[in-house]
Amino acid sequence: MAVDAVKNSPLDSYSGSVNPKSVLGKDDFMKLLLAELQHQDPTSPMDTEKILNQTSQLAQLESQQKTNKALESLAKSFANTKDFSAVSSIGKMAKLKSEITLKQKKDGSPSPVNFTLNFDEDVKSGKIYIYNDKNNLVKTMDIPEDKAGKHSFTWDGKNSAGEGASGGKYKIVAKYQNSDGLNLRADFGSSKIEAVKFDNDKTFVKLNGSYIDFSNVEEIFEGKGAK
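Chemist: In this structure, what is going on with a nonpolar patch on the surface? I would like to understand it.
Modeler: On the surface, Val 87, Ile 90 and Phe 198 cluster together to form a nonpolar patch covering roughly 260 Å² of accessible area. Position of Phe 198 relative to the elements: it lies in strand β9 (residues 191-199).

The following block contains the structure:
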């Protein structure tokens, strides 16, 4: 009695009916391999090299699945660590990135920019230096004699020549002297972290009653304001 040879491998003719999502898992590969062995032509058995290749594919698939699961677990672990770090920062001081954004009005003139500086000690005198994104000094402002703490300042958006500066990002650097004549730096936007919230996979911290993106925090530290 003649035995009809199986012309095509089940792997070659596989149309996805076994797996409606058209994604082969290791169990699917094993079923197909066994089907090939069961339906092979006894007079012309499958090539050993082909079997080894398919077995190798199965091993690679299983290894990849294990790697993907490990990476997913690691990503969740990192996310939990970040969330814990944010929560543990409540009550400490947050220093924001020392940048402000200058916007322009419809007529092309600059809009005034408000920002906050924190002085750890009483101020005898000082200067605020405003640099553009090319690190060129654009404006210098005086810091009047004042008590330690947070103080608000306003830049009118004009450069040292009295001309309107271009819209964009500007860096703030503040230096001052205390009552003993010691040179100090004032922290830009340093405030006590009041609370933390999570929204749409993003972390926000509450500073001075407002929530800001945690990515805008440059440094977290213990300070006088945190006690």
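Chemist: Honestly, the sheet that holds strand β11 (residues 210-213) in this entry has me stumped. Any pointers?
Modeler: What holds strands together in a sheet is hydrogen bonding between their backbones, with the strands either parallel or antiparallel. Taken together, five strands build an open sheet; the order of strands is β11-β10-β9-β1-β12 and the sheet is antiparallel. Single-partner strands in this sheet number two, and they are β11 and β12 (217-221). Put simply, the sheet's adjacent strands are angled 45° from each other on average, direction ignored. Sheet topology note: the strand β10 (residues 202-207)/β11 ladder contains four bridges and is antiparallel.

Chemist: Looking at this model, I keep getting lost on the packing of aromatic side chains. Mind explaining?
Modeler: Any two aromatic rings considered together are summarised by their centre-to-centre distance and by the angle between their planes. Per the counting criterion, the structure on display carries four aromatic pairs. The interplanar angle of 20° and the centroid separation of 6.0 Å between the aromatic rings of Phe 115 and Phe 153 together place this pair among those described as stacked. You can see Phe 115 sitting in strand β3 (residues 113-119) and its partner Phe 153 sitting in strand β6 (residues 149-155), a full 38 residues away along the chain. When sorted by exposure, Phe 115 lands in the same class as Phe 153, which is buried. Arranged with centres 6.3 Å apart and planes meeting at 70°, the rings of Phe 119 and Phe 153 form a pair that is edge-to-face. A residue pair is termed long-range when its members are at least 10 positions apart, and Phe 119 in strand β3 and Phe 153 in strand β6 qualify at 34 residues. We note that Phe 119, like Phe 153, is buried. Connected via pairs of aromatic rings, a cluster forms that spans Phe 115, Phe 119, Phe 153 and Tyr 176. Over the ring of Phe 204 we find Lys 197; its NZ or CZ atom is 5.8 Å from the centre of that ring.

Chemist: Just checking my understanding: could you explain the layout of surface pockets for this structure?
Modeler: Taking a probe equal in size to a water molecule and rolling it over the atoms shows the remaining empty space. One number sums up the size of the largest pocket: a volume of about 300 Å³. Forming the boundary of the largest pocket are 15 residues, of which Leu 96, Asn 114, Phe 115, Thr 116 and Phe 188 lie nearest the centre. Those elements that place two or more of their residues in the lining of the largest pocket are β2 (99-102), β3 and β11. Here the residues of the lining of the largest pocket are counted per class, giving seven nonpolar, seven polar and one charged.

Chemist: In this structure, what is going on with the pairing of strand β5 (residues 137-143)? I would like to understand it.
Modeler: Side-chain positions along a regular strand alternate between the two faces of the sheet. Looking at chain direction, strand β4 (residues 125-131) and β5 are connected through six bridges and run antiparallel. Paired with Ile 130 across the bridge in β5 is Lys 139. Hairpin remark: β4 followed by β5, antiparallel, with five residues in the connecting loop; positive phi at Asn 135, about 65°.

Chemist: Help me understand the pattern of salt bridges, please; the structure alone is not making it clear to me.
Modeler: Pairing is possible between side chains that carry opposite charge, provided their charged atoms lie close to one another. Applying the stated criterion across every chain yields a total of two salt bridges. Between Lys 95 and Glu 218 there is a salt bridge; the shortest N-O distance is 3.9 Å. Here Lys 95, found in strand β1 (residues 93-96), pairs with Glu 218, found in strand β12; they are 123 residues apart in sequence, far enough to count as distant. Overall, the relative accessible area of 45% leaves Glu 218 in the partly exposed class. Its salt-bridge partner being Asp 142, residue Lys 127 comes within 2.5 Å of it at the nearest N-O pair. You can see Lys 127 sitting in strand β4 and its partner Asp 142 sitting in strand β5, a full 15 residues away along the chain. Looking at Lys 127, the relative accessible area reads 34%, which means it is partly exposed.

Cut-offs applied
- Residues numbered from 1 in each chain as written.
- Predicted model: local features only at pLDDT ≥ 70, side-chain atom pairs only at ≥ 80, totals over all residues.
- Heavy atoms only, no water.
- Patch = residues over 30% accessible without salt bridge, like charges linked within 9 Å, V, L, I, M, F, W, Y side chains within 5 Å.
- Areas by Shrake-Rupley, 256 points an atom, 1.4 Å probe, with all protein chains shown as cover.
- Salt bridge = Lys/Arg side-chain N within 4 Å of Asp/Glu carboxyl O.
- Helix = DSSP H or I, 4+ residues; strand = E, 2+ residues; numbered from the N terminus.
- Pairing = 2+ DSSP bridges.
- Axes fitted to C-alpha atoms, helices over the stretch in contact; angles between N-to-C directions.
- Phe/Tyr/Trp six-rings, centres within 6.5 Å; stacked < 30°, edge-to-face > 60°.
- Buried < 20%, exposed > 50% of the residue type's maximum accessible area, 1.4 Å probe, protein only.
- Lys NZ or Arg CZ within 6 Å of the ring centre and 35° of its normal.
- 1 Å grid on protein atoms, 1.4 Å probe; cavity = no way out; pocket = protein on both sides within 12 Å on 5 of 7 lines; lining within 4 Å.
- Points joined across faces, edges and corners; volume = space filled by probe spheres on them.
- Nonpolar A, V, L, I, M, F, W, Y, C, P; charged D, E, K, R; others polar.

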